[in-house]
Amino acid sequence: MNAQFKKGVVEMCILKLVSHRDMYGLEVIEGISKEIEVNENTVYPILRRLTVAGYFDTYKEKNVAGPDRKYYKVTSDGEAYLKVLLKEYKDFTARVERMIGE
Amino acid sequence: MKKKGYLDLLEEVLRQNSVSVEECRDILEDYEELYDGYLERGMSDEEIKEKLGSPYNVVASLKGTMHYEKKITKPKEKFIAVSPFIALLIFFIFGFGYDIWHPTWLVFFLIPMSAIVFSMKEGIWHLMTAISPFIATAFFILFGFYTGVYNPTWMVFLLILVFAFLTMNEKRKYLYLGLLLVSSALYLWIGLAYEVYGISLLLFLPLLAVLSYYGHVEVKLIGSYRKPIGYVVITTLVVYFLGGYFYDLWDVLWLVFLTIPVVAIYIGEKGRSRYIAMTPFVSVTIFFLLGYFLDLWQFSWLAFLLIPIVAILIGDE
């Protein structure tokens, strides 16, 4: 799959995944990797970019097994952005489906 | 490569890319968390390294998501960049034009000195402490070369101590300065009046004792790597004075003092950048030995090319 296209889709998937419940970095990576073949160097920069853009908030939580974990939480801006991404994606795939389904 | 090694290298690569301190800390914390997460899942260090990718790839993938340190202003940056060419030009003019290869090579000190002067943010005494080794060495070689008097000219190296004392934030520094001044004056007087230099070095013992008592000998002057550097300092002093006293090698044995910064760099610098930092000292040694013993001043300057070569080969790896 085209790398840029994949990055865009992964970004949307990350937002969707974290919108269900707050997650720490490795959880996000593992959650995405179950369905899509990605590595840490794809997921982590997206997490950072979305945080810098204000679509994620982060907070620390204690971890009995090791150092504190940084949790990601979708902000209201993040939810609005996710809605836009989902709509764009659905419109796009519907059009593509119509074309290749003919 | 274990966790610490991996994170150290990541930090080094982030710093090389001028990533801001805050951002650097944030990324390192995140990667430590990822690393620990994989350790908790029972993965080996090799597997984790494979998973996370090399620190160089990590930093490359983060480009565009990071804030960078403000770069130093352009004129300063330009001067640092052209200083090797200025030094080389002066060296060639005096070398080919007047056959004064030695001690004209001292102009190469311009390179590290300009880098220190233009990039240090600490106060004046810290700056002077950093550049005083170059000033002292230049004076020692120039004065020694033209007068043949290397002893007691070596005392100019005590300037480094003076500036190091002045950086201290405590009143006792005036006691240290006073002791240094009195010891130096007495040493000089005994030396000049009675031609006795060896035994009168003991005059510096009270200063050493006071500094040791207050725990400053190692802490302030040679960083936090007390023992190894302490031994190197003592060894170099012994070699220098024995070689100078018995074999009259004052004008070449000053090179042994270069092992002090080399060892300090080896201990203090992480990863491959330590070899880049050491190269100028290796170059100076090769350059001086070839020039001094074989009179190859017009060719031995090529040793300075080692600096960019090593930096390019190791830095881009």
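Residues numbered from 1 in each chain as written. Chains lettered and ligands numbered in written order. Predicted model: local features only at pLDDT ≥ 70, side-chain atom pairs only at ≥ 80, totals over all residues. Heavy atoms only, no water.

A.B. asks: I'd like a description of unusual backbone geometry, backed by residues and values.
C.D. replies: Residue and element names in this part refer to chain B. Despite not being glycine, Asp99 has its phi angle at roughly 60 degrees, a positive value. In this structure, Asp99 sits in the loop between helix 5 (74-98) and helix 6 (101-104). With a relative accessible area of 58%, Asp99 lands in the exposed category. (Helix = DSSP H or I, 4+ residues; strand = E, 2+ residues; numbered from the N terminus. Buried < 20%, exposed > 50% of the residue type's maximum accessible area, 1.4 Å probe, protein only.)

A.B. asks: Go over helix 1 (residues 3-16) of chain B with me, naming the residues and quoting the values.
C.D. replies: Each α-helix winds once per 3.6 residues, and so residues spaced three or four apart point in a common direction. Residues and elements named next belong to chain B. Between its first and last C-alpha atoms helix 1 spans 20 Å; for 14 residues at 1.5 Å apiece the expected length is 20 Å, and the two agree. Restricting attention to buried positions, one finds in helix 1 the residues Tyr6, Leu7, Asp8, Leu9, Leu10, Glu12, Val13 and Leu14. Where helix 1 ends, the next residue or the one after it, Ser18, has phi of about 55 degrees, a positive value. (Expected span 1.5 Å × (residues − 1).)

A.B. asks: Report on the pattern of salt bridges, specifying residues and quantitative values.
C.D. replies: A complete count under the given rule lists 16 salt bridges over all chains for this structure. One salt bridge connects Arg48 of chain A with Asp26 of chain B, and the closest N-O pair in it is separated by 3.2 Å. Of this pair, Arg48 of chain A sits in helix 3 (residues 40-52) while Asp26 of chain B sits in helix 2 (residues 21-40), each in a different chain. Here Asp45 of chain B and Lys2 of chain B are joined by a salt bridge, their closest N and O atoms 3.7 Å apart. Within this pair, whereas Asp45 of chain B is found in helix 3 (residues 45-52), its partner Lys2 of chain B is found in the segment before helix 1, the two being separated by 43 residues in sequence. (Salt bridge = Lys/Arg side-chain N within 4 Å of Asp/Glu carboxyl O.)

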